[in-house]
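# Examining the three-dimensional arrangement
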Amino acid sequence: MKADVLSDVLRAVRLTGAVYFDFELSSPWVAEAPPSREIAGKVMPGAQRVIEYHVIARGACWGHAIGQEPIRLREGDLIVFPQGDAHVLSSAPGMRAAPDMSVFARPSTPLPLVYELGGGGPDRARVVCGFLGCDERPYNPLLTALPAVIHLSAANPQAPQATTGWLGTLLSIAVGESGSARAGSENVLARLSELMFVEAIRRYLETLPPTQTGWLAGLRDTSVGQALAALHGEPSQPWTVEGLARLVGLSRSVFAERFTEMVGQPPMQYLALWRMQLASRLLVEGAQVAAVASAVGYESEAAFSRAFKKLVGQAPATWRRGN
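### Topic: the pairing of strand E6 (residues 78-81)
Consecutive residues of a regular strand have side chains that alternate between opposite faces of the sheet. Here E6 shows a buried face lined by Leu 78 and Val 80 and a second buried face lined by Ile 79 and Phe 81. With four bridges connecting them, strand E3 (residues 49-58) and E6 associate as antiparallel partners. Across the sheet, residue Tyr 53 finds its bridge partner in E6, namely Val 80. In terms of strand pairing, E6 meets strand E10 (residues 150-152) through three bridges, oriented antiparallel. Of the residues in E10, the one forming a bridge with Ile 79 is His 151.

Structure representation (structure tokens):
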């Protein structure tokens with residue numbers, strides 16, 4: 001069975017979205033966000049990792065992760081902070097402000113929250129800000145493969161990272177829906193957030209240079225991508241390095257070296273960790289430990305429980321209670 005590995009991972013880590021803020025801005029203005037771990041429990045209770053993104057709906061501004069160079073953002077641009085870094089958006093580069101933690105509390109009023117910010121100057125902008133939640137434990141290979149910042153620009157329609165086509169349509173719908181106050185808008189915006197993130201990852205993948213390594217780069221590598229598809233398509237099968245090497249038409253040693261170089265870990269270690277991710281979700285959903293063990297390729301409940309505790313750090317029943 002051939003698997004869409006990226007979709008498989010996104011499905012397993014429970015991607016969920018929400019749009020919270022719709023800012024009307026006038027120069028000078030600055031908005032600073034703390035590391036997402038400090039606000040995750042407020043903005044998306046239950047999410048293990050929160051990813052923030054911002055759509056420049058009108059005008060222009062500057063944005064950057066703390067410690068990095070400011071990026072000029074123009075109308076139609078999308079900027080994403082996959083690693084949850086503290087970051088700043090501002091009317092001019094170099095501006096800073098203490099984060100206002102009170103604005104991140106989940107309100108009882110319908111989303112998005114509309115704010116006006118700034119000094120009333122001539123430079124105007126509108127920025128729609130959203131959050132995405134996902135699981136990062138016990139294993140999310142996508143998160144470790146993403147950079148601190150993804151910037152998709154509307155400036156060059158020919159560039160892989162341009163916000164044209166499908167992504168541009170999603171951005172336009174999100175911006176329109178944000179100001180519509182129509183019934184169901186909050187749910188529509190949440191789903192749009194998820195779609196925009198997936199499309200942003202696809203665009204980012206297209207920009208990776210041929211020499212790039214990492215899990216995402218491995219998806220497009222002929223042999224490694226084929227092996228990943230096999231592992232994700234049938235994770236319960238008794239895979240071996242030799243069997244995967246035959247499948248992709250390489251010698252055992254060449255395949256093992258290439259897979260490890262691209263993905264960052266040997267094939268069997270990757271499979272073991274991915275099985276634990278699948279198992280963790282089944283446990284939380286209420287499946288019995290014996291059924292979970294069988295579903296992810298273990299011959300006995302005892303063998304699965306030992307592997308789960310070794311790789312996750314908790315017994316399966318303890319994980320279920322804590323998640």
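### Describing the pairing of strand E4 (residues 60-65)
Examined bridge by bridge, E4 and strand E5 (residues 71-74) share four bridges and lie antiparallel to one another. Bridging from a neighbouring strand, Cys 61 pairs with Leu 73 of E5. Where E4 hands over to E5, the hairpin turn is made up of five residues, of which Gly 67 adopts a positive phi near 95°. Pairing analysis gives four bridges linking E4 to strand E7 (residues 87-90), with the strands arranged antiparallel.

### Here we look at the state of the cysteines
Following the criterion strictly, the structure yields zero disulfides and no others. Not part of a disulfide, Cys 61 finds its nearest cysteine sulfur in Cys 129, a span of 8.9 Å. A disulfide-free cysteine, Cys 134 has its sulfur positioned 19 Å from the sulfur of Cys 129, the nearest such atom. On the basis of relative accessible area, Cys 134 is assigned to the buried category, the value being 5%.

### Examining the packing of aromatic side chains
Taken as a whole and assessed by the stated rule, the structure comprises 12 aromatic pairs. Plain terms: the ring middles of Phe 21 and Phe 131 are 6.1 Å apart, the flat faces sit at 75° to each other, and that makes the pair edge-to-face. With Phe 21 in strand E1 (residues 16-26) and Phe 131 in strand E9 (residues 124-134), this residue pair connects regions lying 110 residues apart in the sequence. The residues Phe 21 and Phe 131 share a single accessibility class, namely buried. Just above the ring of Tyr 298 sits the side chain of Arg 275; from NZ or CZ to the centre is 5.8 Å.

About the criteria used
- Residues numbered from 1 in each chain as written.
- Predicted model: local features only at pLDDT ≥ 70, side-chain atom pairs only at ≥ 80, totals over all residues.
- Heavy atoms only, no water.
- Buried < 20%, exposed > 50% of the residue type's maximum accessible area, 1.4 Å probe, protein only.
- Helix = DSSP H or I, 4+ residues; strand = E, 2+ residues; numbered from the N terminus.
- Pairing = 2+ DSSP bridges.
- Disulfide = S-S within 2.5 Å.
- Phe/Tyr/Trp six-rings, centres within 6.5 Å; stacked < 30°, edge-to-face > 60°.
- Lys NZ or Arg CZ within 6 Å of the ring centre and 35° of its normal.

Read these as spatial facts, not as claims about activity.
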